[in-house]
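Overview (structure and organization)
Letter by letter, the chains look like this.
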There are 2 protein chains.
Amino acid sequence: MSKVVASFTMSLDGYSAGPDQTLENPLGIGAKTLHRWLFDGADDNQAETAALLGHGAFIMGRNMFGPIRGEWDLDWRGWWGEEPPYHGPVFVLTHHQREPLVMSGGTTFHFVTDGIASALGQARQAAGDKSISIAGGASTVRQYLNLGAVDELNIQLSPMFLGAGERPLDGLQGVILTSTYARYTPLATHLRYLVSKT
Amino acid sequence: MSKVVASFTMSLDGYSAGPDQTLENPLGIGAKTLHRWLFDGADDNQAETAALLGHGAFIMGRNMFGPIRGEWDLDWRGWWGEEPPYHGPVFVLTHHQREPLVMSGGTTFHFVTDGIASALGQARQAAGDKSISIAGGASTVRQYLNLGAVDELNIQLSPMFLGAGERPLDGLQGVILTSTYARYTPLATHLRYLVSKT
């Protein structure tokens, strides 16, 4: 069965997104600094950057796909332009139905309205024996951890404090970690854990 | 001038102590698991265990010295028995005056009632050119970080979630980190940061 990997960047005070999320600043105040390792630290963090992609399927919350709330604006085709970096099926959790959106380069966004277990089932079918990425945001990561569906947790710990925002690791129930890896770079410390559930 | 080092063990969700602190369980529910690296992981974590001690002076909050609130019970001589592991001057932040308490092995507890800056000044005088440890708890660490008095932050990141308790890294203002080190052991990932202040 596919390995399920949840991965996110977190400030040292536990936030994966800042406050005041807007169209211009989709991850909120401070989020650009939070993710500096991806841009200014590209050379130091090649393995971890590559590990964000290359999965057989991806699952993300609706806010990670776009800033729209309520009914869909069908002109919105994601943050990534016509060729998103996923190159595979992406299952977007939403309460609002929408036809699958086929993009260039192999990415198709599927909109799942019947819950996180259904999205995971569809991702497993699509991924074959490749891994599945729980790509965020905070609430989606939390829900899959509490479901007991996550096998591995990858955290890019950013050396900063956000002070406010969303904490993916709040509200967990019975999630057990085994630490397996840490590597330091100036802009992120990479942590890896095996995950199980009581 | 003495280097000032703040050091604490933190769960992956950011807590350095659990809820429901009592005399029997001074760091609250879950704290024994939080600090397993100190006991069950002694072989793996020798350098970091040694780094908790060996400073020229120590500063701690009152709750770290004892469970007493309000006026002192003079029979209380700390959690550590007659020979505490500090072997040097320890400055305890409190609102209640008390004469210095001379213990075996070179530890003397000094009770400081005129604030954190005064305690730091006294610790600097006592430490000479040795380092000063901000030994906890959460509120004491936070106050010295916000004062801009901390040069180095050492965190022992425990692979667990506490879910509630005290978070030393909440409520910080203008604290800037430079990541300098990470090392993984099964029961704790050791993180080190240089600290500055805007």
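Everything in this summary refers to the structure shown in the same document. A quick note: this is a predicted structure, and the numbers were derived from the prediction, not measured. (Residues numbered from 1 in each chain as written. Chains lettered and ligands numbered in written order. Predicted model: local features only at pLDDT ≥ 70, side-chain atom pairs only at ≥ 80, totals over all residues. Heavy atoms only, no water.)

Here we look at the sheet that holds strand 1 (residues 4-11) of chain A
Residues and elements named next belong to chain A. Ordered by their spatial adjacency, 9 strands build an open sheet running 4-5-3-2-6-1-7-9-8, and the pairing between neighbours is mixed. Strand pairing shows two members of the sheet lacking a second neighbour, strand 4 (101-102) and strand 8 (175-185), which therefore form its edges. Here strand 7 (residues 152-158) runs beside strand 9 (residues 188-197); their pairing, made up of 6 bridges, is antiparallel. From the neighbouring strand, E152 faces strand 9, where its bridge partner is L194. (Pairing = 2+ DSSP bridges. Helix = DSSP H or I, 4+ residues; strand = E, 2+ residues; numbered from the N terminus.)

Remarks on the side chain of S7 of chain B
Residue and element names in this part refer to chain B. Within the element layout of this structure, S7 appears in strand 1 (residues 4-11). Given a relative accessible area of 12%, S7 falls into the buried group. Polar side-chain contacts of S7 include one of 3.0 Å to the side chain of Q156. Apart from the residues within four sequence positions on either side, S7 is in contact with L52, I134, A135, N154 and Q156. (Buried < 20%, exposed > 50% of the residue type's maximum accessible area, 1.4 Å probe, protein only. Polar contact = N/O pair within 3.5 Å; in protein donor to acceptor, adjacent residues only side chain to side chain. Contact = heavy atoms within 4.5 Å.)

What to know about the nonpolar core
Counting 68 residues, the largest nonpolar core has L12 and Y144 of chain A together with L12, I59 and Y144 of chain B as the members making the most contacts within it. Those residues in contact with L12 of chain B, other than ones at most four positions away along the chain, are M10, L153, I155, L169, L177, L191 and Y193 of chain A together with L157, S158, M160 and F161 of chain B. (Core = buried A, V, L, I, M, F, W, Y, C linked by side-chain atoms within 4.5 Å.)

Some thoughts on the pattern of salt bridges
Summed over the entire model, instances satisfying the criterion amount to 11 salt bridges over all chains. The partner of E48 of chain A in a salt bridge is R183 of chain A, with the nearest N and O atoms 3.0 Å apart. Linking E48 of chain A in helix 3 (residues 46-51) with R183 of chain A in strand 8, this pair joins segments that are 135 residues apart in sequence. Its salt-bridge partner being R36 of chain B, residue D40 of chain B comes within 2.9 Å of it at the nearest N-O pair. A single salt-bridge network, built from bridges that share partners, covers K3, E152 and R192 of chain B. (Salt bridge = Lys/Arg side-chain N within 4 Å of Asp/Glu carboxyl O.)

What to know about the relation of the copies chain B and chain A
Structural alignment of chain B on chain A gives an RMSD of 0.0 Å, achieved by rotating through 180 degrees and translating 0.0 Å along the axis. On the angle and the small slide along the axis, the relation comes out as a two-fold axis. Most of the interface of chain B is mirrored in chain A, where 100% of its interface residues again form contacts. (Least-squares fit on C-alpha atoms with pLDDT ≥ 70 in both.)

Some remarks on the packing of helix 5 (residues 116-127) of chain B against helix 6 (residues 138-147) of chain B
Residue and element names in this part refer to chain B. Interaxial distance between helix 5 and helix 6 falls to 11 Å at its minimum, and their mutual angle equals 85 degrees. Classified by the angle between their axes, helix 5 and helix 6 sit roughly perpendicular to one another. Seen from helix 5, the contacting residues are I116, A119 and L120; seen from helix 6, they are Q143, Y144 and L147. Here the residues of the contact of helix 5 with helix 6 sort into 5 nonpolar, 1 polar and no charged. (Axes fitted to C-alpha atoms, helices over the stretch in contact; angles between N-to-C directions. Parallel < 35°, antiparallel > 145°, perpendicular 65-115°, else oblique. Nonpolar A, V, L, I, M, F, W, Y, C, P; charged D, E, K, R; others polar.)

Focus on unusual backbone geometry
Across the junction of G136 of chain A and G137 of chain A, the peptide omega takes the value -5 degrees, indicating a cis bond. Examined against the element boundaries, G137 of chain A turns out to sit in the loop between strand 6 (132-134) and helix 6 (138-147). Positive phi outside glycine occurs at D20 of chain A, with the angle close to 60 degrees. Backbone geometry at H87 of chain B places phi at a positive 50 degrees, although glycine is not the residue there. Mapped onto the fold, H87 of chain B is located in the loop between helix 4 (62-65) and strand 3 (89-93).

A look at the interface of chain B and chain A
Listed per partner, the contact involves 26 residues of chain B and 26 residues of chain A. Summing both sides of the interface, chain B and chain A together bury roughly 2000 Å²; the carbon and sulfur share of this comes to 65%. Three residues stand out in chain B for area buried against chain A, namely L12, F161 and Y184 of chain B, and they jointly supply 29% of the buried area on that side. Counting across the interface, chain B meets chain A through 2 salt bridges. Across the chain B-chain A interface, the total number found is 4 residue pairs in polar contact (both at pLDDT 80 or more). Where the side of chain B that touches chain A is concerned, the elements lending two or more residues are strand 7 (152-158), strand 8 (175-185) and strand 9 (188-197) of chain B. (Buried area = accessible area lost by both parts, 1.4 Å probe.)

Thoughts on empty space enclosed by the protein
Enumeration according to the criterion identifies 1 cavity of 30 Å³ or more in this entry. What the largest cavity holds in volume is close to 50 Å³. For the largest cavity, the full set of lining residues is M10, L12, D13, G14, R167, L169 and D170 of chain A together with M10, L12, D13, G14 and R167 of chain B. Broken down by class, the residue content of the lining of the largest cavity amounts to 5 nonpolar, 2 polar and 5 charged. (1 Å grid on protein atoms, 1.4 Å probe; cavity = no way out; pocket = protein on both sides within 12 Å on 5 of 7 lines; lining within 4 Å. Points joined across faces, edges and corners; volume = space filled by probe spheres on them.)

Topic: the side chain of Q156 of chain A
All names here are of chain A. With respect to the helices and strands, the residue Q156 is situated in strand 7. The class of Q156 is buried, set by a relative accessible area of 4%. The residues contacting Q156, other than those within four sequence positions of it, are S7, F8, T9, M10, W37, L52, A188, T189 and H190.

A few points about the sheet that holds strand 9 of chain B
All names here are of chain B. If you walk across this open sheet you meet the 9 strands as 4-5-3-2-6-1-7-9-8, and the pairing is mixed. At either end of the open sheet lies a strand with only one pairing partner, and these are strand 4 (101-102) and strand 8. Two elements, strand 2 (residues 57-61) and strand 3, share 4 bridges in a ladder whose sense is parallel. Residue pairing across strands places M60 opposite V92, the latter belonging to strand 3.

Digging into the packing of aromatic side chains
Enumeration over the complete set of coordinates arrives at 18 aromatic pairs over all chains. Considering the side-chain rings of F65 of chain A and W72 of chain A, the 5.7 Å spacing of their centres and the 80 degrees angle between planes classify their relative orientation as edge-to-face. Exposure remark for W72 of chain A: the relative accessible area of 12% places this residue in the buried category. Among the aromatic residues, those joined into a ring-pair cluster are F58, F65, W72, W80, Y86, F109 and F111 of chain A. The lysine or arginine in question, R98 of chain A, covers the ring of W72 of chain A, its NZ or CZ lying 5.1 Å from the ring centre. Taking the ring centre of Y181 of chain B as reference, the NZ or CZ of R192 of chain B above it sits at 4.2 Å. (Phe/Tyr/Trp six-rings, centres within 6.5 Å; stacked < 30°, edge-to-face > 60°. Lys NZ or Arg CZ within 6 Å of the ring centre and 35° of its normal.)

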